[in-house]
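The lines below spell out each chain.
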Amino acid sequence: MISGTEFENSLKSPVQFWGNMSKANVNRLLGPEVAQMIKYNQNNPHHCYDLFLHTLHTVENLGDGASDALLIAAFFHDIGKPFVATPKYNRTVFYGHANKSAEIAHQLLLQMGYALYEIKRICFFIKHHDDFISWVLPSESYDRNNPYLIEISLSNLKSHIVETMKEYTCFNKNEIHQMWGELLLLCRADALAQADTVYRDGIIIDSKTNKINRIDAIIKALMSLPLSHILHMCI
């Protein structure tokens, strides 16, 4: 298996390094869970790439300056999809894939020699990369009686952070603001690697632009939330 240092170096130019590599070599370096992502058809209108190419473009979309932990999380964020894939109305859905991806990544990172604290941080990003998939702008037209849709607001973001961090008492409180900022960068990179326009039954139901606008609004809300306020909420 590839070493942690070699893996991190490969993520500086992920498409160039991994994009044309054979499935056999990917399997040798990272194991069968990663190898099966190659040419895996996501069969979902939100996606324009196969699973592996989507992954590589997500990593690349993070750009220069992204932490190694975030780049690694981006590489593994969807690795669990083939294990939870379910057909639904002529497409495939992947309910629970974030948790499954974190579970698989945890084991692979242990094999690569990462420390447990590093793994927990990486798996935080993986496990929560879809947290905001059902969040909507206040200006959007949506069913306000739908309990699965959450309006983007400072109060809702506060509540979500507080509830989520109950599971992560291992982290230094001073890290929390940065971690959520990084998580949202992963959400943005993920959206940038998806289809420009999302159709269902010939009708446009979403777009990459709309997804980015929503994430940017959440980032803006987070930036307006002082670190001291987050520390107070999470104590």
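For the structure, check the block above.
J.: I'd like a description of the nonpolar core, backed by residues and values.
T.: Counting residues in each nonpolar core, the largest one holds 65 residues, and the members touching the most others are Phe7, Trp18, Val34, Phe75 and Phe76. Broken down by element, the residue count for this core peaks at nine residues, all from helix α11 (residues 176–192). Residues contacting Phe76, with those up to four places away along its chain left out, are Phe7, Val34, Ser101, Ala105, Leu108, Leu109, Met112 and Ile126.

J.: Which residues make up the pattern of salt bridges, and what are the values?
T.: As enumerated under the stated definition, the model contains 11 salt bridges in all. With its nearest N and O atoms 3.4 Å apart, the salt bridge here joins Asp78 to Lys81. An identical accessibility class is assigned to Asp78 and Lys81; each is buried. A cluster of three or more residues bridged by salt bridges with shared partners is formed by Arg121, Glu175 and Glu182.

J.: Which residues make up the packing of helix α5 (residues 51–61) against α11, and what values go with them?
T.: Relative to each other, α5 and α11 sit at 130°, their axes nearing to 8 Å. Considering their axes alone, α5 and α11 lie oblique with respect to each other. As α5 runs across α11, the sense of the crossing is right-handed. Across the interface between the two elements, His54, Thr58 and Asn61 of α5 pack against Leu186, Ala189, Asp190 and Leu192 of α11. Taken together, the residues of the contact of α5 with α11 break down into three nonpolar, three polar and one charged.

J.: Which residues make up the side chain of Ser10, and what values do they have?
T.: Residue placement: Ser10 occurs in helix α1 (residues 4–10). The buried category is assigned to Ser10, whose relative accessible area is 2%. Excluding its chain neighbours within four sequence positions, the residues that come into contact with Ser10 are Phe17 and Trp18.

J.: I'd like a description of unusual backbone geometry, backed by residues and values.
T.: In this model, Asn43 sits at a positive phi of 45°, which is unusual for a non-glycine residue. Here Asn43 is to be found in the loop between α4 (32–35) and α5. For Asn43, a relative accessible area of 35% corresponds to the partly exposed category. Although it is not a glycine, Asp201 sits at a positive phi angle of roughly 55°. Inspection of the secondary structure puts Asp201 in the loop between β5 (197–200) and β6 (203–207). For Asp201, a relative accessible area of 75% gives the class exposed.

J.: Please give an account of the packing of helix α8 (residues 97–111) against helix α9 (residues 116–127) that cites residues and values.
T.: Closest axis-to-axis distance for the α8/α9 pair is 9 Å, and the angle between their directions is 155°. Considered as vectors, α8 and α9 are oriented roughly antiparallel to each other. In the crossing of α8 with α9, the sense of the turn from one axis to the other is right-handed. On α9, the residues that touch Ala98, Asn99, Ser101, Ala102, Ala105, His106, Leu109 and Leu110 of α8 are Leu116, Ile119, Ile122, Cys123, Ile126 and Lys127.

J.: Explain the environment of Tyr168 to me, and be specific about the residues and the numbers.
T.: The topology assignment puts Tyr168 in the loop between α10 (154–165) and α11. Of the residues examined, Tyr168 reaches a relative accessible area of 9% and is grouped as buried. Setting aside anything within four residues of it in sequence, one finds Tyr168 in contact with Phe124, Lys127 and His128.

J.: Any chance you could break down the packing of aromatic side chains for me, citing the residues and the numbers?
T.: Considering all chains together, one arrives at 15 aromatic pairs under this definition. Ring centres 6.5 Å apart and planes at 70° place the aromatic pair Phe7 and Trp18 in the edge-to-face group. Linking Phe7 in helix α1 with Trp18 in helix α2 (residues 14–18), this pair joins segments that are 11 residues apart in sequence. Considered together, Phe7 and Trp18 belong to a single accessibility category, that of buried residues. Centroid distance Phe75 to Phe76: 5.3 Å. Interplanar angle 85°. Geometry classified as edge-to-face. The same class applies to Phe75 and to Phe76, which are both buried.

Procedures and definitions
- Residues numbered from 1 in each chain as written.
- Predicted model: local features only at pLDDT ≥ 70, side-chain atom pairs only at ≥ 80, totals over all residues.
- Heavy atoms only, no water.
- Core = buried A, V, L, I, M, F, W, Y, C linked by side-chain atoms within 4.5 Å.
- Buried < 20%, exposed > 50% of the residue type's maximum accessible area, 1.4 Å probe, protein only.
- Helix = DSSP H or I, 4+ residues; strand = E, 2+ residues; numbered from the N terminus.
- Contact = heavy atoms within 4.5 Å.
- Salt bridge = Lys/Arg side-chain N within 4 Å of Asp/Glu carboxyl O.
- Axes fitted to C-alpha atoms, helices over the stretch in contact; angles between N-to-C directions.
- Parallel < 35°, antiparallel > 145°, perpendicular 65-115°, else oblique.
- Left-handed = near helix turned anticlockwise from the far one by under 90°.
- Nonpolar A, V, L, I, M, F, W, Y, C, P; charged D, E, K, R; others polar.
- Phe/Tyr/Trp six-rings, centres within 6.5 Å; stacked < 30°, edge-to-face > 60°.

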